[in-house]
Amino acid sequence: MKEKTNTKVQAENISDYAEKSMFAVGEPNTAYAKYFIGNSWLAPLNSEDASIANVTFEPGCRNNWHIHHCSSQILVGVGGKGWIQFEGKEPQAINEGDVIRIPPEVKHWHGAAADSWFSHLSITVNTCEGAGSEWLEPVSDEEYSKIK
């Protein structure tokens with residue numbers, strides 16, 4: 001069963017947020033929706049040599065824990081406030097202009113703060129044959145609500 005997002009009510013909607021965004025917000029992220037709690041949007045920007053996409057999260061939206069096998073990922077905060085957490089570490093804020101490198105084979109999750117829309121560029125570079133993401137358990141509302 002998919003959990004509800006744990007968000008504060010916000011007047012801003014995706015259209016309002018998209019007007020302020022420096023990158024296209026794209027379309028609803030239906031292909032990966034089963035790996036997210038809440039709604040997200042995906043705008044592919046490049047697919048040659050490195051996959052680059054703008055990913056937008058509504059307040060409280062986050063993806064499941066996951067591992068990128070044979071690929072390194074770089075996240076660049078481009079709007080709002082988000083979070084990333086590496087397994088065994090405390091959550092870390094991601095703000096506009098922040099650059100986070102996720103090495104291959106590291107379990108992590110990322111998403112929006114509970115009270116903010118959030119967008120990041122996701123840059124993925126394959127480092128060996130057989131690259132892909134392994135999607136794992138969701139970040140529960142209980143776990144997420146502890147982030148300050």
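Being a predicted model, the structure only gives us computed values, none of them experimental.

A. Here's a closer look at the layout of surface pockets. Counted as a void, the largest pocket has a volume near 590 Å³. Lining the largest pocket are 28 residues, with Tyr-32, Ser-51, Gln-73, Ser-122 and Thr-124 positioned closest to its centre. At the level of elements, β3 (40–46), β4 (51–57), β6 (66–69), β7 (71–86), β11 (118–126) and β12 (132–135) are the ones that each hand at least two residues to the lining of the largest pocket. Sort the elements by how many residues they give to the lining of the largest pocket and β11 lands first, with five residues. Among the residues forming the lining of the largest pocket, the class breakdown is 11 nonpolar, 16 polar and one charged. Reported here for the second largest pocket is a volume of approximately 160 Å³. Along its surface, the second largest pocket is lined by 10 residues, and Trp-83, Ala-113, Ala-114, Tyr-144 and Ile-147 are the ones closest to its centre.

B. Representation of the packing of aromatic side chains in the model. Tallied over the full model, the rule gives nine aromatic pairs. With a centroid separation of 5.9 Å and an interplanar angle of 25°, the aromatic rings of Phe-57 and Phe-118 are classed as stacked. Of this pair, Phe-57 sits in strand β4 while Phe-118 is found in strand β11, placing the two residues 61 residues apart along the sequence. For the residue pair Phe-57 and Phe-118, the accessibility class agrees, reading buried in each case. Of note, Arg-62 hangs over the ring of Tyr-144, and the distance from its end group to the ring centre comes to 4.3 Å. A cation over an aromatic ring shows up here: Lys-107 above the ring of Trp-65, its NZ or CZ 5.5 Å from the ring centre.

C. A look at the environment of Lys-81. Within the secondary structure, Lys-81 sits in strand β7. Assessed through its relative accessible area of 30%, Lys-81 is described here as partly exposed. In this structure, Lys-81 is in contact with Ala-93, Ile-94, Asn-95, Ala-112, Ala-113, Ser-116, Trp-117 and Phe-118, ignoring residues within four places of it in sequence.

D. Looking closely at the confidence of the model for the protein chain. Scored by pLDDT, the protein chain comes out at a mean of 91, with 93% of its residues at no less than 70. Confidence drops under a pLDDT of 50 for residues 1–10, and excluding neighbours within four residues, the segment shows 31 contacts in the predicted structure.

E. Representation of the side chain of Thr-56 in the model. Looking at where Thr-56 falls in the secondary structure, it is placed in strand β4. By relative accessible area, Thr-56 is classed as buried at 0%. A polar side-chain atom of Thr-56 sits 2.8 Å from a polar atom in the side chain of Ser-119. Not counting residues within four places of it along the chain, the set of residues in contact with Thr-56 comprises Ile-14, Tyr-17, Val-25, Asn-39, Ser-40, Trp-41, Trp-117, Phe-118 and Ser-119.

F. Spatial organisation of the state of the cysteines. Taken as a whole, this structure holds one disulfide when the rule is applied. Shown here is the disulfide that connects Cys-70 with Cys-128, its sulfur atoms set 2.0 Å apart. Its S-S torsion of approximately -90° makes the covalent link between Cys-70 and Cys-128 left-handed. Residue Cys-70 is located in the loop between β6 and β7, and its partner Cys-128 is located in the loop between β11 and β12; the two are separated by 58 residues in the primary sequence. A relative accessible area of 14% means that Cys-70 is categorised as buried.

G. Geometry of the pattern of salt bridges. For the structure on display, the rule yields three salt bridges. We note a salt bridge from Glu-87 to Lys-107, for which the minimum N-O separation is 3.6 Å. Taken together, the positions of Glu-87 in the loop between β7 and β8 (92–95) and Lys-107 in the loop between β9 (99–102) and β10 (108–112) put the pair 20 residues apart, joining distant regions of the chain. The salt bridge partner of Lys-107 is Glu-137, with a shortest N-O separation of 2.8 Å. With Lys-107 in the loop between β9 and β10 and Glu-137 in the loop between β12 and α2 (141–145), the pair connects residues that are 30 residues apart, well separated along the chain. A residue is classified by how much of its surface remains accessible, and Lys-107, at 17% relative accessible area, is buried.

The rules behind the values
- Residues numbered from 1 in each chain as written.
- Predicted model: local features only at pLDDT ≥ 70, side-chain atom pairs only at ≥ 80, totals over all residues.
- Heavy atoms only, no water.
- 1 Å grid on protein atoms, 1.4 Å probe; cavity = no way out; pocket = protein on both sides within 12 Å on 5 of 7 lines; lining within 4 Å.
- Points joined across faces, edges and corners; volume = space filled by probe spheres on them.
- Helix = DSSP H or I, 4+ residues; strand = E, 2+ residues; numbered from the N terminus.
- Nonpolar A, V, L, I, M, F, W, Y, C, P; charged D, E, K, R; others polar.
- Phe/Tyr/Trp six-rings, centres within 6.5 Å; stacked < 30°, edge-to-face > 60°.
- Buried < 20%, exposed > 50% of the residue type's maximum accessible area, 1.4 Å probe, protein only.
- Lys NZ or Arg CZ within 6 Å of the ring centre and 35° of its normal.
- Contact = heavy atoms within 4.5 Å.
- pLDDT = per-residue confidence, 0-100.
- Polar contact = N/O pair within 3.5 Å; in protein donor to acceptor, adjacent residues only side chain to side chain.
- Disulfide = S-S within 2.5 Å.
- Salt bridge = Lys/Arg side-chain N within 4 Å of Asp/Glu carboxyl O.

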